[in-house]
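This is what each chain is made of:
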Amino acid sequence: ENVFGESVLECSHPGHGVRFEFRAEDALAGWHANQQKRLGRTVSKSEFDWTFSTPYNGSIHLDKAVLREKLRAARRIEAPEYGVPIKTRTQIPMGLLEKRGHIHFYDHIELFTDPLQGKGQSEASVKIRAMEECFLVLFRSFICLNNQSVYMRDVRYYHEFDTSVVL
């Protein structure tokens, strides 16, 4: 088992007071929380999640002082939707991501990996790519059980720089 505890991806926009981050401890805390729900009763060996599957989507943080200033400027009392993920039918424009162009920044960060006692592989990683017009962050949880199954869960954050929305 390898946990890369100091590996962190943090993206922030100080002017809007929004920051999101990806940390190994938080991803494993999501797995642990799921285990705790199951531990409220007797858990059989077959029910215990030894693959470290996690419901983690990254963590979103808001700077309340910046939010208060934005509300004051807009003459609003509250903005419950600010910085909160909402469901949308808007899709990430794959054509823009496939377009050949200059990638200003790219990184692949391993958060944790485990060989599952020789029975497969479990890993969580995050990738970021910043281009001329946009950035894309991909969090991936990947589990492969030898001769049984493959599970992959992706969470994407996409932002075009001339908009105020993160998909």
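Residues numbered from 1 in each chain as written. Predicted model: local features only at pLDDT ≥ 70, side-chain atom pairs only at ≥ 80, totals over all residues. Heavy atoms only, no water.

Q: Can you help me understand the packing of aromatic side chains in this one?
A: Think of a pair of aromatic rings as described by two things: how far the centres are apart, and how the planes are tilted against each other in angle. Here the structure, examined in full by the defined rule, presents eight aromatic pairs. On the numbers, 6.2 Å between centres and 90 degrees between planes, the contact of F20 with F22 is edge-to-face. As far as burial versus exposure is concerned, F20 and F22 are alike and both buried. Consider the rings of Y56 and F139, whose centres lie 5.5 Å apart with planes at 85 degrees: the pair is edge-to-face. Of this pair, Y56 sits in the loop between helix 1 (24-38) and strand 4 (59-62) while F139 sits in strand 7 (residues 134-145); the two residues are 83 residues apart in sequence, bridging distant segments of the chain. Comparing Y56 with F139, the two get one shared label, buried. Among the aromatic residues, ring-to-ring pairing joins F20, F22, Y56, F135, F139, Y157 and F161 into one connected group. (Phe/Tyr/Trp six-rings, centres within 6.5 Å; stacked < 30°, edge-to-face > 60°. Buried < 20%, exposed > 50% of the residue type's maximum accessible area, 1.4 Å probe, protein only. Helix = DSSP H or I, 4+ residues; strand = E, 2+ residues; numbered from the N terminus.)

Q: Hey, could you run me through the sheet that holds strand 2 (residues 8-13) in this one?
A: Strand pairs in the sheet, formed through backbone hydrogen bonds, run parallel or antiparallel to each other. Read from one edge of the open sheet, three strands run 2-3-4, paired in antiparallel fashion. In this open sheet, the two edge strands, each paired with only one partner strand, are strand 2 and strand 4. Going across the sheet, the axis of each strand differs from the next one's by a mean of 15 degrees, ignoring polarity. Pairing of strand 3 (residues 18-23) with strand 4, which is carried by four bridges, proceeds in the antiparallel orientation. Within the sheet, the bridge partner assigned to R19 lies in strand 4 and is H61. (Pairing = 2+ DSSP bridges. Axes fitted to C-alpha atoms, helices over the stretch in contact; angles between N-to-C directions.)

Q: I'm lost on the sheet that holds strand 1 (residues 2-3) in this one. Help?
A: With respect to topology, five strands assemble into an open sheet ordered 1-5-6-7-8, the strand pairing being antiparallel. Every other strand in the sheet has two partners, leaving strand 1 and strand 8 (149-160) as the edge strands with one partner each. In this sheet, strand 5 (residues 103-114) lies alongside strand 1 in antiparallel orientation, the contact comprising two bridges. Note that in strand 5 the partner of V3 across the bridge is F112.

Shape descriptors only; they carry no functional weight alone.
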